Amino acid sequence: MDQNDHVLIAQLQRDATQSYAALGQSVGLSAGAVHERVRKLRERGAIRATTVDVDPKALGLEVLSYVMVNSNAWMGDTAAAFAALPEVQEAHVIAGAASVLLKVRTPTTEQLQDVLRRIYDIPGVSSTQAIVVLETFFERPITIC
């Protein structure tokens, strides 16, 4: 990746609806050249998806929590079980006291409790510790420029 690719990714992160001509102006390339670069960035996996940044609270998802999952067995093969829980936004195998770290969004703490019950149904889970976020100062996308 060269500097133009970095600038294009940064521009797309700010506004993915920009035309290739507008993107081209930011790096001094034609719309066709930018289209080809973006296509190659997608093929290489540098750009995984073009998405919309949605405000979870606007959708009624008021409770953000991080759940540390402890286990009595290796949890590396449980990705599908965690992915089957729609409230789980992210799942990571981690080092330390816990085995898995989950990012969970629910409308209420009662629904968080239901998610925790369903997590216990996953084979190998021995306990959980939920950390409820009271306030988010900021969330930052990955920046390369």
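Residues numbered from 1 in each chain as written. Predicted model: local features only at pLDDT ≥ 70, side-chain atom pairs only at ≥ 80, totals over all residues. Heavy atoms only, no water.

Undergrad: Sorry if this is basic, but what is going on with the side chain of Asp-5 here?
TA: Considering the arrangement of structural elements, one finds Asp-5 in helix 1 (residues 3-14). When its relative accessible area of 8% is taken as the criterion, Asp-5 is described as buried. Not counting chain neighbours up to four residues away, the residues in contact with Asp-5 comprise Arg-37, Leu-41 and Arg-44. (Helix = DSSP H or I, 4+ residues; strand = E, 2+ residues; numbered from the N terminus. Buried < 20%, exposed > 50% of the residue type's maximum accessible area, 1.4 Å probe, protein only. Contact = heavy atoms within 4.5 Å.)

Undergrad: Can you walk me through the sheet that holds strand 2 (residues 88-93) in this structure?
TA: In any sheet, the strands associate via hydrogen bonds between backbone groups, in a parallel or an antiparallel arrangement. Within the open sheet, the four strands sit side by side as 2-3-1-4. Their pairing is antiparallel. With one partner strand each, in any of the chains shown, strand 2 and strand 4 (125-132) form the two edges of the open sheet. Between one strand axis and the next, the sheet turns by 20° as a mean value, whatever way the strands run. As judged from the seven bridges shared by strand 1 (residues 63-71) and strand 3 (residues 100-106), these two strands associate in the antiparallel manner. Bridge pairing links Leu-64 to Arg-105 in strand 3. Packed onto the sheet, helix 5 (residues 109-120) meets strand 1, strand 3 and strand 4 and runs at close to 160° relative to strand 4. (Pairing = 2+ DSSP bridges. Axes fitted to C-alpha atoms, helices over the stretch in contact; angles between N-to-C directions.)

Undergrad: Looking at this structure, how should I read the pattern of salt bridges?
TA: A side chain with one charge can pair with a side chain of the opposite charge if their charged atoms come near. The tally for this structure, following the rule as stated, stands at ten salt bridges. In this structure, Arg-37 and Asp-2 form a salt bridge, with 2.9 Å as the shortest nitrogen-oxygen distance. Here Asp-2 lies in the segment before helix 1 and Arg-37 lies in helix 3 (residues 31-43), a separation of 35 residues in the sequence. The exposure class assigned to Arg-37 is partly exposed, which follows from its relative accessible area of 22%. Classification of Asp-2 as partly exposed rests on a relative accessible area of 32%. Between Asp-5 and Arg-44 there is a salt bridge; the shortest N-O distance is 3.9 Å. Taken together, the positions of Asp-5 in helix 1 and Arg-44 in the loop between helix 3 and strand 1 put the pair 39 residues apart, joining distant regions of the chain. Taking relative accessible area as the criterion, Arg-44 reaches 51% and is therefore assigned exposed. (Salt bridge = Lys/Arg side-chain N within 4 Å of Asp/Glu carboxyl O.)

Undergrad: How should the pairing of strand 1 be read in this particular structure?
TA: Along any regular strand, the residues point their side chains to alternate faces of the sheet. In terms of strand pairing, strand 1 meets strand 4 through seven bridges, oriented antiparallel. Paired with Asn-70 across the strands is Ser-127, a residue of strand 4.

Undergrad: In this structure, what is going on with the packing of helix 2 (residues 20-27) against helix 3? I would like to understand it.
TA: Each pair of packed helices gets described by two things: the angle between the helix axes and the distance between those axes. Close contact between helix 2 and helix 3 brings their axes to 8 Å; oriented N to C, the two are set at 95°. By the angle class used here, helix 2 and helix 3 are roughly perpendicular. Note on element contacts: helix 3 touches helix 2 through Ala-31, Val-34, His-35, Val-38 and Arg-42, opposite Tyr-20, Ala-21, Leu-23, Gly-24 and Val-27. Looking at the contact of helix 2 with helix 3, its residues break down into seven nonpolar, two polar and one charged. (Parallel < 35°, antiparallel > 145°, perpendicular 65-115°, else oblique. Nonpolar A, V, L, I, M, F, W, Y, C, P; charged D, E, K, R; others polar.)

Undergrad: Can you walk me through the nonpolar core in this structure?
TA: Generally speaking, a soluble globular protein has its nonpolar side chains buried in company with each other. Ranked by size, the top nonpolar core spans 16 residues in total, and within it Val-67, Val-69, Phe-82, Leu-102, Val-104 and Ile-119 carry the most contacts. Looking at this core, the elements that each hand over two or more residues are strand 1, strand 3 and helix 5. For this core, the leading source of residues is helix 5, giving four residues. Apart from the residues within four sequence positions on either side, Val-69 is in contact with Phe-82, Ala-98, Ser-99, Val-100, Leu-102, Ile-119, Val-125, Ser-127 and Thr-128. (Core = buried A, V, L, I, M, F, W, Y, C linked by side-chain atoms within 4.5 Å.)

Undergrad: When you look at the environment of Ile-94 in this model, what are you seeing that I'm missing?
TA: Tracing the chain through its elements places Ile-94 in the loop between strand 2 and strand 3. Taking the C-alpha atoms as reference, Ile-94 lies 9.3 Å from Met-68; in sequence the two are 26 residues apart. Excluding anything up to four places from it in sequence, Ile-94 contacts Ser-99, Val-100 and Leu-101.

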